[in-house]
Amino acid sequence: MNITKQNQIYEGKAKKVFATNDPAYYIVEYKDDATAFNGIKKGTITGKGIINNRMSNIMFRLLEKNGIRTHFVEEISDRETIVRAVKIMPLEIIVRNVAAGSFSKRYGVEEGRELLHPTLEFSLKNDALNDPLINESHIAALGIANELELDVIRRMAYKINDVMSKFFAGIGIRLIDFKIEAGKLPDGTIVLADEISPDTCRFWDAKTNEKLDKDRFRRDLGNVEEAYQEIFRRINV
Ligand code: TMP
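Residues numbered from 1 in each chain as written. Predicted model: local features only at pLDDT ≥ 70, side-chain atom pairs only at ≥ 80, totals over all residues. Heavy atoms only, no water.

Chemist: Got a minute to help me understand the overall build of the chain in this structure?
Modeler: Scanning the chain for helices and strands turns up six helices and 14 strands. Computed over its C-alpha atoms, the radius of gyration of the chain comes to 17 Å, within 12% of the 18 Å expected for a compact globule of 237 residues. Counting all 237 residues of the chain, 51% fall into the buried class. In the form shown here, the chain has an accessible surface area of approximately 11,500 Å², with 51% of it arising from carbon and sulfur atoms. (Helix = DSSP H or I, 4+ residues; strand = E, 2+ residues; numbered from the N terminus. Rg over C-alpha atoms; globule rule 2.2 N^0.38 Å. Buried < 20%, exposed > 50% of the residue type's maximum accessible area, 1.4 Å probe, protein only. Areas by Shrake-Rupley, 256 points an atom, 1.4 Å probe, with all protein chains shown as cover.)

In structure tokens:
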């Protein structure tokens, strides 16, 4: 593809997004910056940008093979990927298989308790409001997504959970929960966007329940870089 990087159009906490010579495509660049608690905790996870770029793209390819449309187009360097230009919907779409994190805190359930079925929840992406939980009625009432779009998102989220849970089980990892984002193509088609990485998923070792994700950074558990490397190593064996 003859896509060249132009001006930066957005800088998030973990990635930069650039316009290209073709309005149908962006280039995303993954950084080593890490934040938690809505940016209150800041740090660097050396090599994270490379792992998250390459791992996200492996996940996107796996999901595409399983019938899920994504924004992925082509990896062009360790940290850079061409993606389709989408409008990100301002939602964090979270699927959980096992209680952890904010779910455990909110409902007083011990971390590690298997849920009877996967759950789906949404947060409004809004830093100033600290990404509050939002329900489907609110999402539709605010015009963020209509009922048909919510249906697409719901099916996409559960399908991704099925595909990824099986994939990770095969490499000795429990997929505890994860966050995805949806984007809209100019024709209104909803596709999976953003990233899928240890920043956005909880991964526990199937034998030891050792955390192999960003919780090591959030909770100061140490061996953060090693956890990212271990996940990446298992994906690639
Ligand atoms: P939570 O238990 O803190 O709500 O997190 C649920 C999942 O979402 C977990 O896999 C981590 C991921 N996540 C993000 O990707 N970005 C965020 O800003 C937060 C808070 C969580």
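Chemist: When you look at the site of the ligand in this model, what are you seeing that I'm missing?
Modeler: With respect to spatial proximity, 14 residues lie near the ligand, and among them Arg96, Ser102, Asp177, Lys179 and Arg202 are the closest. Residue serine 102 places a side-chain N or O atom 2.5 Å away from an oxygen atom belonging to the ligand. A distance of 2.5 Å is found between an oxygen atom of the ligand and a side-chain nitrogen or oxygen belonging to aspartate 177. For the ligand, whose free accessible area comes to 450 Å², the fraction covered by protein is 77%. Grouping the constituent residues of the shell around the ligand by class yields four nonpolar, three polar and seven charged. (Near = heavy atom within 4 Å. Polar contact = N/O pair within 3.5 Å; in protein donor to acceptor, adjacent residues only side chain to side chain. Nonpolar A, V, L, I, M, F, W, Y, C, P; charged D, E, K, R; others polar.)

Chemist: Before we go on, may I ask you to explain helix α4 (residues 147-169) in this structure?
Modeler: Turn by turn, an α-helix covers 3.6 residues, leaving residues three or four places apart pointing in a common direction. Taking 1.5 Å of rise per residue, 23 residues should cover 33 Å, and α4 covers 33 Å from first to last C-alpha, within 8% of that figure. Among all positions of α4, only Glu149, Leu150, Ile153, Met156, Ala157, Ile160, Asn161, Val163, Met164 and Phe168 are buried. (Expected span 1.5 Å × (residues − 1).)

Chemist: In this structure, what is going on with the packing of aromatic side chains? I would like to understand it.
Modeler: Aromatic ring pairs are reported here in terms of the distance separating the ring centres and the angle at which the planes meet. Evaluation of the coordinates by the stated rule reveals three aromatic pairs. Considering the side-chain rings of phenylalanine 103 and tyrosine 107, the 4.9 Å spacing of their centres and the 70° angle between planes classify their relative orientation as edge-to-face. Residue phenylalanine 103 and its partner tyrosine 107 are located together in helix α2 (residues 101-107), separated by four residues, close to a single helical turn. Under the relative-accessibility criterion, tyrosine 107 is labelled partly exposed at 47%. (Phe/Tyr/Trp six-rings, centres within 6.5 Å; stacked < 30°, edge-to-face > 60°.)

Chemist: Is there a simple way to explain the pairing of strand β9 (residues 91-98) in this structure?
Modeler: Within a regular strand, side chains alternate between the sheet's two faces. Of all eight residues making up β9, eight are buried, and the element is well covered by its neighbours. As defined by bridge partners, β9 adjoins strand β10 (residues 114-124) across seven bridges and the pair is classed as antiparallel. Bridging across to β10, glutamate 92 finds its partner in serine 123. The pairing of β9 with strand β12 (residues 173-184) spans four bridges and is classified as antiparallel. Paired with isoleucine 94 across the strands is lysine 179, a residue of β12. (Pairing = 2+ DSSP bridges.)

Chemist: Would you explain the sheet that holds strand β3 (residues 25-30) in this entry?
Modeler: The strands that make up a sheet are held in pairs by hydrogen bonds between backbone atoms, and each pair lies either parallel or antiparallel. Across the sheet, which stays open at both edges, the five strands sit in the order β1-β2-β3-β7-β6 with antiparallel pairing between neighbours. Every other strand in the sheet has two partners, leaving β1 (5-11) and β6 (72-75) as the edge strands with one partner each. Here the average twist between neighbouring strands, direction ignored, is 30°. The strands that helix α1 (residues 48-65) touches are β3, β6 and β7 (80-84); relative to β6, the one it contacts most, it runs at about 130°. (Axes fitted to C-alpha atoms, helices over the stretch in contact; angles between N-to-C directions. Contact = heavy atoms within 4.5 Å.)

Chemist: Any chance you could explain α1 here in plain terms?
Modeler: Taking 1.5 Å of rise per residue, the 18 residues of α1 would be expected to cover 26 Å, and the 25 Å separating its terminal C-alpha atoms lies within 8% of that figure. Those residues of α1 that fall on the buried side of the exposure criterion are Lys48, Gly49, Ile51, Asn52, Asn53, Met55, Ser56, Asn57, Met59, Phe60, Leu62 and Leu63. Once α1 ends, the next one or two residues include glycine 67, with phi positive near 90°.

Chemist: In this structure, what is going on with the packing of α1 against helix α6 (residues 224-235)? I would like to understand it.
Modeler: Two measures define how a pair of helices packs: the angle their axes make with one another and the distance between the axes. In contact at an axis separation of 10 Å, α1 and α6 are set at 35° when each is read in the N-to-C sense. Crossing hand, α1 versus α6: left-handed. Residue-level contacts link Lys48, Ile51, Asn52, Arg54, Met55, Ile58 and Met59 of α1 to Tyr228, Gln229, Ile231, Phe232 and Ile235 of α6. When the residues that make up the contact of α1 with α6 are grouped by side-chain class, the tally is eight nonpolar, two polar and two charged. (Left-handed = near helix turned anticlockwise from the far one by under 90°.)

Chemist: Which parts of the structure should I look at to understand the environment of alanine 100?
Modeler: Structurally, the position occupied by alanine 100 is in the loop between β9 and α2. What makes alanine 100 buried here is its relative accessible area of 0%. With eleven residues separating them along the chain, alanine 100 and glutamate 111 place their C-alpha atoms 4.5 Å apart. Here alanine 100 is in contact with Glu111, Ile176, Asp177, Arg202 and Trp204, once residues within four sequence places are set aside.

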